[in-house]
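Remarks on the overall topology
Residue strings, one per chain:
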Number of protein chains: 2
Amino acid sequence: MNRPAGSQTSGSPLARVRVVLSHTSHPGNLGAAARAMKTMGLSRLVLVNPKRFPDDEAVARAAGAEDILAQAEVCCSLDAALADCAFACAVSARHRNLGPPALSARLAASEMLARAGEGEVALLFGNETAGLSNAEVQRCQRTVFIPANPDYSSLNLAAAVQLLCYELRLAAFAGCPPLVTRAVPFASPPASHQEQQLFYEHLERVMVSSGFLDPQRPRRLLPKLRRLFGRAELERDEINILRGLLDALERQLSGRRQ
Amino acid sequence: MNRPAGSQTSGSPLARVRVVLSHTSHPGNLGAAARAMKTMGLSRLVLVNPKRFPDDEAVARAAGAEDILAQAEVCCSLDAALADCAFACAVSARHRNLGPPALSARLAASEMLARAGEGEVALLFGNETAGLSNAEVQRCQRTVFIPANPDYSSLNLAAAVQLLCYELRLAAFAGCPPLVTRAVPFASPPASHQEQQLFYEHLERVMVSSGFLDPQRPRRLLPKLRRLFGRAELERDEINILRGLLDALERQLSGRRQ
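Given the structure is predicted, the values throughout are model-derived calculations rather than measurements.

Residue and element names in this part refer to chain A. Across the sheet, which stays open at both edges, the 7 strands sit in the order 3-2-1-6-4-7-5 with parallel pairing between neighbours. Of all strands in the sheet, those with a lone pairing partner are strand 3 (73-75) and strand 5 (102-104), marking the two edges. Neighbour-to-neighbour, the strand axes of the sheet open up by a mean angle of 30 degrees, direction not taken into account. As judged from the 4 bridges shared by strand 4 (residues 87-91) and strand 6 (residues 121-125), these two strands associate in the parallel manner. Looking across to strand 6, one finds that Phe 87 is bridged to Val 121. Taken strand by strand, helix 5 (residues 105-116) contacts strand 1 (17-22), strand 4, strand 5, strand 6 and strand 7 (142-145), and its axis lies near 105 degrees from that of strand 5. The strands touched by helix 7 (residues 157-172) within the sheet are strand 1, strand 4, strand 6 and strand 7, with strand 6 carrying the most contacts at an inclination of about 155 degrees.

Put into structure tokens, the structure is as follows:
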């Protein structure tokens, strides 16, 4: 199989990871799986004997990931889907007596990425109801389990694809993928130490002149307020606002005294 | 809000984490979110002004997690949903200028679990199309981002719930949740050193008698096979099988020589 042109993952090891869905019953799950893949930067989808494909419901659930569906390759056997892969992982909630070694999703993602540095790798998901057959699992080098609730471990197919692709993405970027949002927080420069001290002195004056703070019995009020504002790591603009308020209060207080 | 009776998560900090879905449009997503929660051992679902609830589509997509839907509490405001929470995290793909500090899903899950040791915590998801309003985000102590593909970061609502609940589960069990499957691998006792040596000697005999191995020109064949079998960490039954095969081969070879 050739890598689809224009894949947003080319250059990343993620580009060498294909998601193989075997004998999927519900076309909606094909679309939802495509969407899940694309959100995590994967693009290579291979379908082994899907019950209905192409299908409108798949497109509807893809919600913007129709390109993944359009590029999907349909194979009539798992062997064809895995033909050029050196390493394949079978996602399964069931233990297989004669299956390959089992890894958790997180560890499997790390190993898959490492193997993707050497060649093509595959991540295999079975039918919604029956899962993967033993014959399918035995074609893989690892089984992968999602550490789910032992009392109810039935993840939706697309949800399982989402989790594994998420772990692959985090593994690909060593836990630090590029952010969705370029975080430019609302911020003026942090207030300097002197600006902070002037603020605290201003605050103290107002507290005293308001009668709230008795300098003879301070009751640790100022240290408590310093702790609060210190934790907030005040910015210059914020201090300007606070001191503007304190100015206004002082004017009122001195006016009343006149 | 009272904890639902019979929650499979009671006793775990997960029992103090509620998933709050605000203004959800599609009832199918409510069911899928309930299923996602249950697979990860969460059970407390709170719905703020859902468009349609209860609804047959929600039940259909819950697929065995109907109990989570049945126990779900419906609130008419976010403030009501968060009333008894000391800590709330808003899941959002967008950066908010005046929002609370932002954490990745993994770090947020750790912090939520730590806070859940002290009191009730909430994980908030917005409407499928519009997401969360600024007013909603500002009622939370953290924003949470899923490190998605910057070119397509649109996770399905239930997929986002699945990812966060998965991270919460892993955080709750410090990365090692109890396994879904009690792994009792197919295994006989490991082969003893002597059993292995007898096997290698047997193998060598057969290799020589087959003509494949020339003792005068061994070409490192035996060390290479030892390496292979050594890596496999042979079990007693496996050696019995291999030696049964070697026996059969020897019989054939000696028969032919007669």
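Our next topic: the nonpolar core. Ranked by internal contacts, the top residues of the largest apolar core, which has 132 residues, are Leu 168 of chain A together with Leu 168 of chain B. Membership of the second largest hydrophobic core comes to 5 residues, among which are Ala 191, Phe 199, Leu 203 and Ile 239 of chain B.

Okay, helix 5 (residues 105-116) of chain B next. Residues and elements named next belong to chain B. For helix 5, built from 12 residues, the straight-helix expectation of 16 Å at 1.5 Å per residue is met to within 8% by its first-to-last C-alpha distance of 16 Å. The set of residues buried in helix 5 consists of Ala 105, Ala 108, Ala 109, Met 112, Leu 113, Arg 115 and Ala 116. Across the axial projection of helix 5, the buried residues extend over an arc of 160 degrees, all falling on one side.

Here the domain parsing of chain A yields domain 1 (13-172) and domain 2 (193-257). Between the C-alpha centres of domain 1 of chain A and domain 2 of chain A the distance comes to 60 Å.

This part takes up unusual backbone geometry. The phi angle of most residues is negative, glycine excepted, and most peptide bonds adopt the trans form. Residue and element names in this part refer to chain A. The step from Phe 53 to Pro 54 runs through a cis peptide bond, and the omega angle for that step is -5 degrees. By the element assignment, Pro 54 lies in the loop between strand 2 (44-48) and helix 2 (56-62). Phi at His 23 is positive, roughly 55 degrees, even though this residue is not glycine. One can find His 23 in the loop between strand 1 and helix 1 (27-39). We note that Asn 49 has phi near 45 degrees; this positive angle belongs to a residue other than glycine. By the element assignment, Asn 49 lies in the loop between strand 2 and helix 2.

Each value, and the rule that gives it
Per chain, residue numbering runs from 1 following the sequence as it is written. Key to labels: chains lettered from A, ligands numbered from 1, both in the order written. Given that this is a predicted model, residues contribute local features only at a pLDDT of at least 70 and side-chain atom pairs are listed and counted only at 80 or more, while totals for whole chains, interfaces and linings are drawn from all residues. Strand pairing requires that DSSP identify at least two bridges connecting the strands. Strands are runs of DSSP state E lasting at least 2 residues, helices are runs of H or I lasting at least 4, and numbering of each runs from the N terminus. Lines fitted to C-alpha atoms define the axes here, with helix axes fitted over just the stretch in contact, and angles between the N-to-C directions of these axes take values from 0 to 180 degrees. Here, residue contact means that the backbone-derived C-beta atoms of the two residues sit within 7 Å. Under the definition applied here, buried Ala, Val, Leu, Ile, Met, Phe, Trp, Tyr and Cys residues are grouped into a nonpolar core through C-beta atoms within 7 Å. Partly exposed residues are those whose C-beta has more than 12 but fewer than 20 other C-beta atoms within 10 Å; with 20 or more the residue is buried, with 12 or fewer it is exposed, and the C-beta atoms are placed from the backbone. The length a helix should cover is 1.5 Å for every residue beyond the first. To obtain the arc, one takes the directions from the helix axis to the C-beta atoms. What counts as a domain boundary in this text is fixed by an automatic or database domain assignment.

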